[in-house]
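Topology and contacts: notes
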Amino acid sequence: MAGEDNSYGRRKKDTRRKAAKGYREFEGDHRQKGLSGWGPDGTVKPEKPFKHKNTSEPKTYRLRKQVDPEMAKYFSEIANVIEGNEVDLEERSVICGNALEEARGKELELATDYIISHTLQALLEGCDVDHLCRFLQSCAKDFPYIAMDRSGSHVAETALKSLSLHLQDKESYTLVEETLATICKVIVVNPVDVMCNCYGSHVIRSLLCLCKGVPLDSPEFHATKSSTVLAERLNFRPPQLDGNGVPHQQGLPELLKFFVLEMFKCAQKDIAILQVEQYSSLVLQAILKLLAGHDEELWHIIPLLLGCKKENSKEGNFIEIDEVRNIVDLMKETAFSHLMEVILEVAPETLYDEIFTKVFRNSLFEVSSHHCGNFSVQALVSHARCQRQVESIWEELGPKFKDLLEMGRSGVIASLLAASQRLDTHAQKCCQALAAAVCPANEPPKCIVPRILFLESYLCCEDKSNWTWPRGVKMHVLGSLILQTVFKCLSGFIQPYVSSITSMETDHVLEAAKDAGGARVIEAFLSSNASKKHKQRLVVKLRGHFGELAMHPSGSFTVEKCFTACNVSLRETIMHELLAVRTELSKTKHGPHLLRRLDVDRFAAWPDQWRLKQSSKESAYKDFYATFGSKETQSSKTDSFVDPSYHSSHPKSVKAMRKEIDQCLASVTKLNVSGHKRHPEGAEQGSEKFSKQTLDEDVLKIKNKESKKKKNYGSIEHASAAARDKEPSQSVDKMEKKRSWKDGLSKPFTKKLKV
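Values in this document were obtained by computation on a predicted structure and should not be read as measured data.

1. Examining the overall build of the protein
Secondary structure assignment for the protein yields 44 helices and 2 strands. Within the protein, contacts between residues separated by at least 24 positions form 73% of all contacts whose residues are at least 6 apart in sequence. Per element, the accessible surface of the protein, about 34,300 Å² overall, is 51% carbon and sulfur.

Right under this line is the structure:
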């Protein structure tokens with residue numbers, strides 16, 4: 001997965017300042033241990049970036065001067081003043097500016113001092129933009145050394161964050177741009193040392209974010225969680241290319257382009273070091289993500305990162321045959337594997353196809369077998385652009401599913417399943433190959449789902465034919481994700497999986513429902529386009545445990561899915577079990593939401609009205625799908641409500657019609673309640689007649705409108721849009737809150753409306 005930077009720990013500001021004596025003792029110990037980039041002789045030296053580094057230019061050392069005791073005392077007094085509450089905001093800005101003026105010419109030793117660096121951070125946060133820029137311009141020549149220091153890096157970060165605030169001010173824009181340009185010109189003289197330093201790497205990434213106009217602490221450009229990457233690859237989360245979802249501010253696009261291109265120009269001879277070094281890899285990943293969508297710059301940078309020769313600059317001929325073996329071997333290095341993942345994510349289509357054809361083809365299984373290289377293959381599969389590429393991947397990896405599982409490379413299989421479903425090709429073959437990998441032909445298919453749920457336990461078992469359901473073991477994360485992806489496929493492709501999950505023993509179904517991963521598998525099955533008969537067969541096995549499940553945050557979603565998937569009779573069973581725990585459930589964080597979603601209070605007070613509402617909804621949805629649904633939904637219209645998220649032919653029209661039907665039902669329900677209050681004796685009978693009559697009229701109007709527009713425009717999308725324009729605007733129920741995944745996986749992105 002994409003690399004994470006865990007070395008740059010944020011220190012807490014120490015509000016209790018030490019005396020000058022403690023300061024001197026720390027300095028002696030600090031130099032003695034060789035921390036913060038200082039040598040034992042008091043010189044500043046960058047960290048050694050890579051053990052095999054061999055550059056022609058000599059190292060640049062900077063003699064560190066001891067902080068003058070009077071200066072240390074002065075900044076200690078300043079720290080006491082600005083940390084108090086007696087100074088107002090305007091006076092504080094003046095004090096900070098004056099103190100920074102006193103630091104002129106001594107920025108390096110002050111910023112790299114453990115104690116005084118804290119004071120400098122406070123001064124840079126409290127001063128005005130003029131003093132801030134003067135400070136940075138004064139120390140620009142020493143900025144790389146400050147950035148590579150343990151304490152100085154925090155000073156540099158604070159200065160950049162303060163600059164980002166002033167960058168939004170039009171009056172300060174030019175001054176900030178000139179200051180940043182000065183710093184960038186100094187860094188590009190020797191960028192390799194800064195990029196390969198654990199502190200300098202973080203500072204450069206913040207500087208790049210500032211130039212781009214995104215928040216400096218954006219996790220997308222500093223460290224990407226593996227769960228986020230996995231969610232995108234398995235279609236559980238939309239891709240975040242070009243900073244989608246990241247708030248953009250005013251940036252410096254021309255300076256960003258200059259900074260990046262000059263860094264690559266100066267570091268070109270050291271590209272072999274940058275490819276395999278941990279911290280430089282993080283910088284390169286950030287650069288690629290920030291330039292996503294800028295194909296011209298990417299065409300220049302990506303071939304350099306792959307080690308291609310500059311003269312091979314024609315499209316379709318960047319990668320020479322003799323370079324392929326080196327790239328394949330590099331993907332077995334941790335840092336380059338992370339870098340290759342991002343390259344495949346942002347590469348323009350033509351360049352991606354060349355990398356796919358020349359580097360990966362005929363080497364897919366070899367790279368997939370490696371513990372680092374397999375992540376590059378996952379990225380390749382997840383970002384496949386066309387069916388032809390998925391077909392080529394299937395030809396190499398399809399027959400190797402069993403081998404990949406035994407080697408622990410289930411992520412490759414999960415990515416291929418998701419890509420085949422996304423591009424609508426080879427999904428059935430992938431499902432069949434997976435089933436064959438865990439269930440030989442001589443064994444019954446009912447073992448497929450349990451073995452994938454406990455994939456690791458099954459694969460570690462020596463006698464696999466006698467493997468049994470393990471008790472008290474957490475279900476396999478990737479196994480549950482694979483099954484969720486499988487149940488998104490068409491029902492004709494997943495019959496063995498449907499048969500397996502419905503054949504599970506009752507206690508096994510209950511245990512799965514209590515597990516975070518297993519619960520999502522059950523929900524995925526109940527949301528699939530499998531028949532209602534099969535879904536109810538599974539729901540019945542949870543009878544008597546709905547109240548218990550509802551008390552758990554994850555189980556409450558399973559209860560809701562069971563409610564949606566079953567008939568009115570089973571729904572009443574669920575409601576009775578929820579009523580038994582209503583008091584305790586209402587005290588939980590998720591309980592009120594579930595009680596409101598299922599309308600438990602109405603069931604307790606007016607059960608007949610509740611039944612009428614459920615029957616009317618089901619009838620309305622069936623009529624809608626009978627008229628406007630696709631062939632597949634029409635063929636299964638007698639099964640159940642159809643979840644529009646699994647029928648992507650007309651997603652917008654389905655959601656719009658669902659809103660209109662719910663609005664009609666909501667208006668009918670309000671009239672029923674008011675009628676019940678005024679006429680207690682005859683309210684139920686009268687409201688039932690009125691509800692049915694009104695509902696039939698509303699559904700008939702909707703049908704007539706849609707059929708007319710369908711004739712005029714020839715598509716359901718136009719019909720639904722026209723119906724929405726003519727209908728008066730009404731309030732729509734709030735969308736369901738996204739649930740948090742306790743096991744660290746990403747949040748589901750399907751937006752579900754109240755039913």
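2. Remarks on the pattern of salt bridges
A full pass over the atoms with the stated rule returns 18 salt bridges. A salt bridge links Glu101 to Arg104, with the nearest nitrogen and oxygen atoms 3.6 Å apart. Residue class for Glu101 comes out partly exposed when judged on its relative accessible area of 30%. A relative accessible area of 40% means that Arg104 is categorised as partly exposed. The closest approach of N and O atoms between Arg471 and Asp507, which form a salt bridge, is 2.7 Å. Placement of Arg471 in the loop between helix H28 (455–460) and helix H29 (477–486) and of Asp507 in helix H31 (residues 506–514) is noted, with a sequence separation of 36 residues between them.

3. Focus: the packing of helix H25 (residues 410–422) against H29
Relative orientation of the contacting elements H25 and H29 amounts to 15°, with a least axis distance of 10 Å. The orientation of H25 relative to H29 falls into the category roughly parallel. By crossing handedness, the relation of H25 to H29 is classed as left-handed. Only Leu478, Ile482, Thr485 and Val486 of H29 make contact with H25, whose side of the interface consists of Ser410, Gly411, Ala414, Leu417, Ala418 and Gln421. Per-class residue counts for the contact of H25 with H29 are 6 nonpolar, 4 polar and no charged.

4. Thoughts on the UniProt feature "repeat: Pumilio" (unreviewed entry) in the protein
Using the residue numbers shown here, the UniProt feature "repeat: Pumilio" (unreviewed entry) corresponds to residues 541–576. As annotated, residues 541–576 has a helix share of 75% and a strand share of 0%, and its two end C-alpha atoms lie 16 Å apart.

5. Side note on helix H22 (residues 373–382)
An α-helical segment advances 3.6 residues per turn. Residues three or four places apart therefore align on the same side. Extensive coverage of H22 is indicated by the burial of 9 of its 10 residues. Those residues of H22 lying buried are Gly373, Asn374, Ser376, Val377, Gln378, Ala379, Leu380, Val381 and Ser382.

6. Quick word on the packing of aromatic side chains
A full pass over the atoms with the stated rule returns 10 aromatic pairs. Ring plane angle 45° and centroid distance 6.3 Å describe the contact between Phe454 and Trp467, whose orientation is recorded as tilted. Of this pair, Phe454 sits in the loop between helix H27 (448–453) and H28 while Trp467 sits in the loop between H28 and H29; the two residues are 13 residues apart in sequence, bridging distant segments of the chain. Here the two residues Phe454 and Trp467 agree in accessibility, since each one is buried. Here the aromatic cluster, defined as three or more aromatic residues joined through ring pairs, consists of Phe454, Tyr458, Trp467 and Trp469. Its guanidinium or amino end placed over the ring of Tyr352, Arg385 lies 4.4 Å from that ring's centre, counting from NZ or CZ. The ring of Phe563 has Arg571 sitting right over it, with the charged end atom 5.0 Å from the ring centre.

7. Focus on the confidence of the model for the protein
Per-residue pLDDT for the protein averages 78, and the proportion of residues at 70 or more is 71%. Per-residue pLDDT stays below 50 along residues 4–59; that stretch engages in 110 contacts with residues further than four places along the chain or on separate chains. A low-confidence stretch, residues 632–654 stays under pLDDT 50, and its non-local contacts, those more than four residues away or across chains, total 49 contacts.

8. Digging into the environment of Ala72
Inspection of the secondary structure assignment puts Ala72 in helix H2 (residues 69–83). When its relative accessible area of 11% is taken as the criterion, Ala72 is described as buried. Once the C-alpha coordinates of Ala72 and Ile115 are considered, the two residues, 43 residues apart in sequence, prove to be 9.2 Å apart.

Definitions and cut-offs
- Per chain, residues are indexed from 1 in the order of the written sequence.
- Where totals are concerned, whole chains, interfaces and linings use all residues; where local detail is concerned, this predicted model gives features only for residues with pLDDT of at least 70, and gives and counts side-chain atom pairs only at 80 or more.
- Heavy atoms from the whole structure form the basis of all side-chain values; hydrogens and water molecules are not counted.
- Here a helix means four or more residues in a row that DSSP labels H or I, a strand means two or more in a row labelled E, and each is numbered from the N terminus.
- The contact rule is simple, with two residues in contact once any of their heavy atoms fall within 4.5 Å.
- Residue burial considers only the protein chains on display, and all accessible areas are found by Shrake-Rupley using a 1.4 Å probe.
- Salt bridges are defined as contacts in which a side-chain nitrogen from Lys or Arg sits within 4 Å of a carboxyl oxygen from Asp or Glu.
- Whether a residue is buried, partly exposed or exposed follows from its accessible area with a 1.4 Å probe, protein chains only, as a fraction of its type maximum: under 20%, in between, or over 50%, in that order.
- In this analysis an axis means a line fitted to C-alpha atoms, helices contributing only their contacting stretch, and an angle means the value between N-to-C directions, from 0 to 180 degrees.
- We call two directions roughly parallel when the angle between them is under 35 degrees, roughly antiparallel when it is over 145, roughly perpendicular when it lies between 65 and 115, and oblique otherwise.
- Should the near helix be turned anticlockwise from the far one by less than a right angle, the crossing is termed left-handed; should it be turned clockwise, right-handed.
- In the scheme used here, Gly and all other residues not listed as nonpolar or charged are polar, with Ala, Val, Leu, Ile, Met, Phe, Trp, Tyr, Cys and Pro taken as nonpolar and Asp, Glu, Lys and Arg as charged.
- UniProt positions are given in the numbering used here, feature names are shortened, and annotations may be inferred rather than shown by experiment.
- Aromatic pairing here means that ring centres of Phe, Tyr or Trp (its six-membered ring) are within 6.5 Å. Orientation follows from the plane angle: under 30 degrees is stacked, over 60 is edge-to-face, and everything else is tilted.
- Geometrically, a charge over a ring is one whose NZ (Lys) or CZ (Arg) sits within 6 Å of the ring centre while staying within 35 degrees of the ring normal.
- Summary of the metric used: pLDDT quantifies the predictor's per-residue confidence within the range 0 to 100.

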